[in-house]
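What follows is the residue order along each chain.
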Amino acid sequence: MMLVRGSEPVPKHGKLPPMTELHPALQSAYDTVLSRNGGEAEFHQAVHEVLESLNPVVRRHPQYADRAILERICEPERQIIFRVPWSDDRGRIHINRAFRVEFNSALGPYKGGLRFHPSVYLGIIKFLGFEQTFKNALTGLPIGGGKGGSDFDPKGRSDGEVMRFCQSLMTELYRHIGEYTDVPAGDIGVGGREIGYLFGQYKRITNRYESGVLTGKGIGWGGSLVRTEATGYGLVYFLQQMLGTKKASLDGRRVVVSGSGNVAVHAIEKAQELGATVLACSDSAGYVVDHKGIDLALLREIKVAKRGRIAEYAARRGADAEYVPGGSIWNVPCEVALPCATQNELTEADAAALIQSGVIAVAEGANMPCTPDAIRAFQSAGVLYAPGKAANAGGVATSALEMQQNAGRDSWSFDYTDKRLGEIMVAVHERCAAAAADYGQPGNYAMGANISGFVHVADAMMAQGLI
Ligand code: NDP
Ligand code: 2IT
């Protein structure tokens, strides 16, 4: 069986760290993942990171190596791949590929977003579904893990084209999902507009107003207040907890946030509210630095309302702001870094630049944005580091609150829902911190998140028999 070590060229984007010796049961599970999922670099990376954290767990509790729990937890319960035909505004026909990976249902119905981005392939959806399983467990709410999406590129597409694509996708997806089965939501490229079109088509096909089948719905038709803001707000709530352990706060801090989508915009909003100056943000083409602090109203107008490019921000803002095409946003000096764009966007070299500039905390709004080498660099430099599966769990947690409201045919106020989100993020932080301390690594949130999430899911799987 293949062993991944040091510089072997396994992942496409992130280099794996020098391998800690894995317990034989973990090694065997990892070997199986490598041999079964050839070429799926991001999935290998996500699995490796979790298994590495489990060494002390399997040593202390050998029962986790029994009954193939490790192999089962790394193998999705179901993987669905289908064709999505649609026609553009000029009548040309396009065929996309779509996925739904129903990873683990030990704790509840599969739950996780849909991503529309040209880079989507099975390996990305599997990595996201795997991460989601542990993230959802960390929330303490009754949700299993799943993820889906398509290689459809929404950029430059009209509303009509996006609608036809969503309708065609749902024409197949509807038979696999349901309030008690699998509950999709948004992710990159999927926001309120897309959820609306998807919900409409589901309702039309099934002739059921089944609110709980999707989350991230509009406020007037079954959506929850705070869901739009939840991932970014929750990220900052987690960050506050983490800084609190060092008696530090966000007030007066210089913050850099990558991305300028749903997660980034709301992280910026909350960080600014708490007294931070957000100096820079980005999109896939480049980044802007604004020495006076990002003007959030302008950013929203350009990126959210007009779905435009961030270059326009600097052009409109004048002398205070500068646009850097390409390049790395992590060269902008700051005390707090919040990667909120995509996987493997923050490399070892970026981590070195951040450490050099005096970064004290890094919290992941995106899923797996830091490469394994970057994480290792932060941890060895004593930088507080929060993994996405903990720090960005506020989004899916608020989706679970949306499901609760739908099930009770109720709707809660903004303040009440935000308070619940805040409490959940405090609890997520506590679970990570407690597990890390219990296994002799206080402050190692990556290890704590992986251990706490794993134990919760594995215990439920053991109780439910060999399924
Ligand atoms: P959006 O589509 O709203 O925004 C994505 C942002 O990231 C955009 O600024 C986009 O730039 C940029 N981006 C996307 N792909 C790339 C890429 N390959 N390289 C560089 N930049 C890129 O998505 P979200 O804000 O919802 O998601 C951002 C991250 O947060 C993802 O990792 C997602 O999985 C994660 N997440 C999202 C949650 C949610 O509730 N939405 C919950 C938890 C995690 P451009 O505008 O140029 O496309
Ligand atoms: O990565 C994530 O947690 C999300 N995209 C949100 C999933 C959800 O079901 O709300």
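Since the model is a prediction, treat every value here as computed from it, not as a measurement.

K.L.:
Tell me about the overall build of the protein, and please be specific about residues and values.
P.N.:
Scanning the protein for helices and strands turns up 17 helices and 12 strands. Expected size for 467 residues packed as a compact globule is a radius of gyration near 23 Å; at 21 Å, the protein falls within 12% of this value. For the protein, the C-alpha atoms occupy an extent of roughly 55 × 55 × 45 Å along the three principal directions. By the burial criterion, 59% of the 467 residues in the protein qualify as buried. A separation threshold of at least 6 residues defines the contact pool for the protein, and within that pool the share at least 24 residues apart is 72%. Carbon and sulfur atoms form 51% of the exposed surface of the protein, whose accessible area is close to 17,800 Å².

K.L.:
Would you mind going over empty space enclosed by the protein in detail, with residue names and values included?
P.N.:
Under the defined criterion, the tally for this structure stands at 1 cavity of 30 Å³ or more. Of the voids in this model, the largest cavity is the one considered here, and its volume is about 50 Å³. Lining the largest cavity are A29, T32, V33, R36, N37, E71, C74 and E75. For the lining of the largest cavity, the secondary structure elements donating two or more residues are α1 (24-36) and α4 (69-74). The residue makeup of the lining of the largest cavity, split by class, is 3 nonpolar, 2 polar and 3 charged.

K.L.:
A description of the sheet that holds strand β4 (residues 145-150) should follow, citing residues and the corresponding values.
P.N.:
If you walk across this open sheet you meet the 5 strands as β1-β2-β4-β3-β5, and the pairing is mixed. Every interior strand has two partners, whereas the edge strands, β1 (78-87) and β5 (182-185), have only one. Across this sheet, the average inter-strand angle for adjacent strands is 20°, counted without regard to direction. Two strands pair when backbone bridges link them, and strand β3 (residues 110-116) and β4 are joined in this way by 3 bridges, in the parallel orientation. Across the sheet, the residue bridging to F116 is S150, located in β4.

K.L.:
Break down the sheet that holds strand β11 (residues 361-363) for me, citing the residues and quoting the values.
P.N.:
If you walk across this open sheet you meet the 7 strands as β9-β8-β7-β6-β10-β11-β12, and the pairing is mixed. Because the sheet does not close on itself, it has two edges, and the strands there are β9 (321-325) and β12 (384-386). Averaged over all adjacent pairs, the angle separating strand axes in this sheet is 15°, with direction ignored. As judged from the 4 bridges shared by strand β6 (residues 254-258) and strand β10 (residues 336-339), these two strands associate in the parallel manner. Note that in β10 the partner of S258 across the bridge is P339.

K.L.:
Before we move on, can you summarise helix α10 (residues 296-305) with the specific residues and values?
P.N.:
Of all the residues in α10, the buried ones are L296, L298, L299, I302 and K303. All buried residues of α10 project into a common sector of 155° when viewed along the axis, lining one side. Structural note: α10 exposes A297 and A305 on the side pointing more than 90 degrees away from its buried face. Close packing links the buried residues of α10 with α9 (262-273), β7 (277-283) and α11 (311-317). The opening residue of α10, the one whose side-chain oxygen lies 3.2 Å from the backbone nitrogen of A297, is D295. Just downstream of α10, R307 is the residue with a positive phi angle, here 50°.

K.L.:
Explain the site of ligand 1 residue by residue, including any values.
P.N.:
Taken together, the neighbourhood of ligand 1 is formed by 26 residues, with K155, D187, T231, S284 and N367 sitting nearest. One nitrogen or oxygen atom from the main chain of G189 is found 2.9 Å from an oxygen atom belonging to ligand 1. Take S260: an N or O atom from its main chain is 2.9 Å from an oxygen atom of ligand 1. The fraction of the free accessible surface of ligand 1 (880 Å²) that becomes covered by protein chains is 83%. Within the residue set of the shell around ligand 1, elements represented by two or more residues are α8 (227-244), α9 and β7.

K.L.:
Please give an account of the nonpolar core that cites residues and values.
P.N.:
Judged by nonpolar contacts, the single largest core of 59 residues is most densely connected at F238, L239, L250, L299, Y313 and L338. Counting residues per element, this core draws most heavily on α8, which supplies 9 residues. Among the nonpolar cores identified, the runner-up in size contains 44 residues, and V50, C74, L122 and V457 belong to it.

K.L.:
Account for the layout of surface pockets, naming residues and giving values.
P.N.:
The computed volume of the second largest pocket comes to approximately 410 Å³. Lining the second largest pocket are 20 residues, and of these E49, E52, S53, R376 and Q379 lie nearest its centre. Broken down by element, the lining of the second largest pocket gets its largest block of residues, 5 residues, from helix α2 (residues 41-53). Classifying every residue of the lining of the second largest pocket by side-chain character gives 9 nonpolar, 8 polar and 3 charged.

K.L.:
Break down the packing of aromatic side chains for me, citing the residues and quoting the values.
P.N.:
Two aromatic rings, taken as a pair, are described by how far apart their centres are and by the angle between their planes. One pass over the full model with this rule turns up 15 aromatic pairs. Where W86 meets F165, the ring centres are 6.2 Å apart and the plane angle is 85°; that geometry is what we call edge-to-face. Linking W86 in strand β1 with F165 in helix α6 (residues 159-173), this pair joins segments that are 79 residues apart in sequence. Here the two residues W86 and F165 agree in accessibility, since each one is buried. Here the aromatic rings of Y233 and Y237 are separated by 6.4 Å at their centres, their planes lie at 65°, and the arrangement is edge-to-face. Here Y233 and its partner Y237 are both found in helix α8, 4 residues apart, which amounts to about one turn of the helix. Using a relative accessible area of 6% as the deciding quantity, one classes Y233 as buried.

Conventions used here
- Residues numbered from 1 in each chain as written.
- Chains lettered and ligands numbered in written order.
- Predicted model: local features only at pLDDT ≥ 70, side-chain atom pairs only at ≥ 80, totals over all residues.
- Heavy atoms only, no water.
- Helix = DSSP H or I, 4+ residues; strand = E, 2+ residues; numbered from the N terminus.
- Rg over C-alpha atoms; globule rule 2.2 N^0.38 Å.
- Buried < 20%, exposed > 50% of the residue type's maximum accessible area, 1.4 Å probe, protein only.
- Contact = heavy atoms within 4.5 Å.
- Areas by Shrake-Rupley, 256 points an atom, 1.4 Å probe, with all protein chains shown as cover.
- 1 Å grid on protein atoms, 1.4 Å probe; cavity = no way out; pocket = protein on both sides within 12 Å on 5 of 7 lines; lining within 4 Å.
- Points joined across faces, edges and corners; volume = space filled by probe spheres on them.
- Nonpolar A, V, L, I, M, F, W, Y, C, P; charged D, E, K, R; others polar.
- Pairing = 2+ DSSP bridges.
- Axes fitted to C-alpha atoms, helices over the stretch in contact; angles between N-to-C directions.
- Arc of directions from axis to C-beta.
- Polar contact = N/O pair within 3.5 Å; in protein donor to acceptor, adjacent residues only side chain to side chain.
- Near = heavy atom within 4 Å.
- Core = buried A, V, L, I, M, F, W, Y, C linked by side-chain atoms within 4.5 Å.
- Phe/Tyr/Trp six-rings, centres within 6.5 Å; stacked < 30°, edge-to-face > 60°.

Interpretation note: all reported values are geometric properties and have no functional meaning in isolation.
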